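Survey of secondary and tertiary structure
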Amino acid sequence: MLELINVTKTFHKGSIDEKIALNQLNFTLRDGEFVTVIGSNGAGKSTMQNAICGSWLPDSGKILLDGTDITLLPEHRRAKYLGRVYQDPMMGTAANMQIEENLALAARRGKKKSLLPLIRKGEREQYVKLLSRLGLGLENRLSAKVGTLSGGQRQALTLLMATMQHPNLLLLDEHTAALDPKTAAKVMELTESLVHENNISTLMITHNMKDAIRYGDRLIMLHAGKIILDVSGEEKKNLTVPDLLAKFSEAAGEEFAGDKAILS
Amino acid sequence: MLNYLSALPGAVAQGLIWGLMGLGVFITYKVLDIADLTVDGTLCTGAAVFSVAMIAGVNPWISLILAILSGLAAGALTGVFHICLGIPAILAGILTQMIPWSVNLKILGKPNVSISFRTYPVLLSLSNPPRAILVGVLFAAGVIAMLYWFFGTELGASVRATGSNPVMCRAQGINTNMTKILGLSLSNGIVALSGALLCQYQGFTDINMGRGAVVTGLAAVVIGSAIVNKLSLNFAVKLAGVFFGAILYFLVYQTVIFIGLDSDLLKMLSALVVTVFLGTPYVKKELSKAGSIRKGGNSRA
């Protein structure tokens, strides 16, 4: 379970570019919940995830994960609990390394790195099994450099790497935004099946309102660093994109800014 | 001509010794993706520590270990400057290049110390090129084997991953500060070993012996990768390629000297060779881009 308590983050404090990215944000994600996050440009969606990951420290507030205070924990030490997939398909994998090496590093997420061989007996069989479910033929290319894969393939691989060690929380930051529609749909399908099968608590930022409605058990909308809409259950299932836009202007007092979200 | 031919075994031996230096550069430049200039200082530090230890009567093998340790420490210091003080790697390297210069002078006590094979039990010397080549090959093989093993371990793979994608590393729980310090340290340890062998080979340690060494190391790396990259992508082959690069470099060097080129120009020539090798891939890419636009294809709106 994840808890954000009064988390505030201001960028460029004291300059004319000062921007309050998170404003006393309070949010609780229950165990096993799949929450989708939408919001206009600059609403604080990515900032919220970066706060959870520890890319920087918040100005104030607390972040609890399964009851442990992780507010001050360095990024690489939180990794034990978190699976991450980025918007940029290049970010989640090491291009110069082989597919199996990337998987092996992910299999050791948050563990101490020893002087034993990276890939040990029996591991390859396990990776073949994991990869074959992607249906991309990667199971036959274990020793190929990840840099030779397409964006969609890399994103699918990143997803696998993020979930294979059963994270306490899976963080998806617009992870299909950089893919073509067909590949995006495939990666989304894969996301849903991996999340459900393994019952992983998930926080998914998306630019796509339809996806935000279709996937997950709960939807939150961010605006100016605060949650302005929080729906779940039947209410969420019955939402439509016009509903969301109406609710946005009602709550925020302005039009939704983000063409991509409305048009797609 | 006979003179020239008799100089070739020496060039091979020098190539093997400098190849070790090249491996150090390979680790930072190719694996970690950091341009580390500390190596100019550590080459001499390794030589200084070795010569002083040997003159004090320490066993050559133990002197060698002391030299390696001094290099490991210098590399770690660059890492700490870079990581903890946020100084860009290239500047941190320049700083830790200056520090050894003073330290080296203090270690040596004077700018030039002789460790002639006539007086000291050195492992190799230019007076005996076949033996120098043999020793060089053994060290090369040993260090290649060690690096091949290390970069295949969990820890070594983390260092490689740090050079490839630090963001991904942190998401996988790898402390990239630690892996960078480790890589820099390892690199400079090997460079110090190279310095310790070099001073034995030439029979003296000079305070300026490391000046511009990084260029020679880079030359070995870029020439080496140009030779072997088409043959195989195996990591051990890539490491061995650095030695081929270094040997070729010194063979060409000897040839140029034999032809009678002004030796004052040699450093410039080395730098130009490295420039050509480093710049070629970029220029090629730009040219092919321009080519495809002219053909009218592949335009991405």
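Quantities reported herein were computed from a predicted structural model and do not represent experimental measurements.

1. Observations concerning the overall build of chain A
- Along its length, chain A carries 10 helices and 10 strands.
- C-alpha extents for chain A along the principal axes are approximately 60 × 40 × 35 Å.
- Buried residues in chain A amount to 42% of all 264 residues.
- In chain A, the share of contacts with a sequence separation of at least 24, taken over all contacts with a separation of at least 6, comes to 69%.

2. Regarding the overall build of chain B
- Helices and strands together make up the secondary structure of chain B, namely 11 helices and two strands.
- Each helix and strand of chain B, placed in order from N terminus to C terminus, yields the pattern α-α-α-α-β-α-α-α-α-β-α-α-α.
- The buried share of chain B, taken over its 301 residues, is 50%.
- Within chain B, residue pairs in contact and separated by at least 24 positions form 79% of the contacts whose partners lie at least 6 positions apart.

3. What about the nonpolar core?
Residues and elements named next belong to chain B.
- If you look at the biggest cluster of nonpolar residues, it comprises 159 residues, and the most contacted ones within it are L20, L23, A47, F50, L193, A196 and L197.
- A per-element tally of this core places helix 1 (residues 2-32) first, with 15 residues.
- What L20 contacts, discounting residues up to four positions off in sequence, is F139, A140, V143, I190, L193, S194 and L197.

4. Here we look at helix 2 (residues 39-55) of chain B
Residues and elements named next belong to chain B.
- For helix 2, which comprises 17 residues, the first-to-last C-alpha distance of 24 Å matches the rise-based estimate of 24 Å (1.5 Å per residue) to within 8%.
- Judged by how many residues are buried, helix 2 sits mostly within the fold: 16 of 17 residues are covered.
- Just downstream of helix 2 lies G57, where phi reads positive at about 95°.

5. Some points on the sheet that holds strand 5 (residues 68-69) of chain A
All names here are of chain A.
- If you walk across this open sheet you meet the four strands as 2-1-4-5, and the pairing is antiparallel. Every other strand in the sheet has two partners, leaving strand 2 (19-29) and strand 5 as the edge strands with one partner each.
- Taken together, the five bridges between strand 1 (residues 2-11) and strand 4 (residues 60-65) define a ladder with antiparallel strand orientation. Following the sheet pairing, T8 is matched in strand 4 by S60.
- Sitting on the sheet, helix 1 (residues 45-53) touches strand 1, strand 2 and strand 4, and the angle it makes with strand 2 is about 65°.

6. Considerations on the packing of helix 1 of chain B against helix 10 (residues 235-259) of chain B
Residue and element names in this part refer to chain B.
- Running from N to C, helix 1 and helix 10 cross one another at 140°; their axes reach a closest spacing of 7 Å. Judged on the interaxial angle alone, helix 10 and helix 1 are oblique. Here the hand of the crossing between helix 1 and helix 10 comes out right-handed.
- Of the residues belonging to the contact of helix 1 with helix 10, the class tally is 19 nonpolar, six polar and no charged.

7. Things to note about the domain arrangement of chain A
All names here are of chain A.
- Each assigned domain of chain A is listed with its residue range as follows: domain 1 (2-81 + 167-263) and domain 2 (94-166).
- Here domain 1 and domain 2 have C-alpha centroids that lie 27 Å from each other.
- In this assembly, 15 residues from domain 1 lie in contact with 12 residues from domain 2.
- Per-element accounting of the side of domain 1 that touches domain 2 gives the leading share, seven residues, to helix 6 (residues 181-198).
- Within the side of domain 1 that touches domain 2, the residues separate by chemical class into nine nonpolar, four polar and two charged.

8. Re the pairing of strand 1 of chain A
- When strand 1 of chain A meets strand 2 of chain A, the two strands line up antiparallel, connected through seven bridges. In the strand pairing of strand 2 of chain A, K9 of chain A is matched with L22 of chain A.

9. Remarks on the interface of chain B and chain A
- Taken together, the contact between chain B and chain A spans 18 residues of the former and 24 residues of the latter.
- Residue assignment for the side of chain B that touches chain A shows that the elements contributing at least two residues are helix 6 (154-164) and helix 7 (166-171) of chain B.
- No other element matches helix 6 of chain B, which puts seven residues into the side of chain B that touches chain A.
- Residue classes in the side of chain B that touches chain A are distributed as seven nonpolar, eight polar and three charged.

10. Structural notes on the packing of helix 5 (residues 129-150) of chain B against helix 10 of chain B
All names here are of chain B.
- Interaxial distance between helix 5 and helix 10 falls to 10 Å at its minimum, and their mutual angle equals 145°. Where helix 5 crosses over helix 10, the two elements pack in a sense that is right-handed. Where helix 5 approaches helix 10, its residues A140, I144, L147 and Y148 are matched on the opposing element by F235, A236, L239, A240 and F243.
- Residues belonging to the contact of helix 5 with helix 10 are distributed by class as follows: nine nonpolar, no polar and no charged.

11. What to know about unusual backbone geometry
- Here N6 of chain A, not a glycine, exhibits a phi torsion of approximately 50°, which is positive.
- By C-beta crowding, N6 of chain A is classed as partly exposed, having 13 other C-beta atoms within 10 Å.
- Even without being a glycine, D33 of chain B presents a positive backbone phi close to 60°.
- As for its position among the elements, D33 of chain B is in the loop between helix 1 and helix 2.

12. Focus: the sheet that holds strand 6 (residues 82-85) of chain A
Residues and elements named next belong to chain A.
- Pairing within the open sheet is mixed, and its six strands lie in the order 6-7-8-3-9-10. Of all strands in the sheet, those bounded by a partner on one side alone are strand 6 and strand 10 (226-232). For this sheet the average axis-to-axis angle between neighbouring strands, irrespective of direction, equals 20°.
- Two elements, strand 3 (residues 34-39) and strand 8 (residues 202-205), share four bridges in a ladder whose sense is parallel. Its bridge partner lying in strand 8, V35 is registered against L203.
- Most of the contacts of helix 5 (residues 151-163) go to strand 6, to which it runs at about 175°, and overall it touches strand 6 and strand 7 (169-173).

13. Points about the pairing of strand 4 of chain A
Residue and element names in this part refer to chain A.
- Both strand 4 and strand 5 contribute to a ladder of two bridges, which runs antiparallel. Considered in strand 5, the bridge of L64 is made with D69.
- What sits between strand 4 and strand 5 in their antiparallel hairpin is a turn of two residues, with D66 showing a positive phi close to 50°.

Reading guide: rules and limits
Residues numbered from 1 in each chain as written. Chains lettered and ligands numbered in written order. Predicted model: local features only at pLDDT ≥ 70, side-chain atom pairs only at ≥ 80, totals over all residues. Helix = DSSP H or I, 4+ residues; strand = E, 2+ residues; numbered from the N terminus. Buried ≥ 20, exposed ≤ 12 C-beta atoms within 10 Å, placed from the backbone. Contact = placed C-beta atoms within 7 Å. Core = buried A, V, L, I, M, F, W, Y, C linked by C-beta atoms within 7 Å. Expected span 1.5 Å × (residues − 1). Pairing = 2+ DSSP bridges. Axes fitted to C-alpha atoms, helices over the stretch in contact; angles between N-to-C directions. Parallel < 35°, antiparallel > 145°, perpendicular 65-115°, else oblique. Left-handed = near helix turned anticlockwise from the far one by under 90°. Nonpolar A, V, L, I, M, F, W, Y, C, P; charged D, E, K, R; others polar. Domains from an automatic or database assignment.

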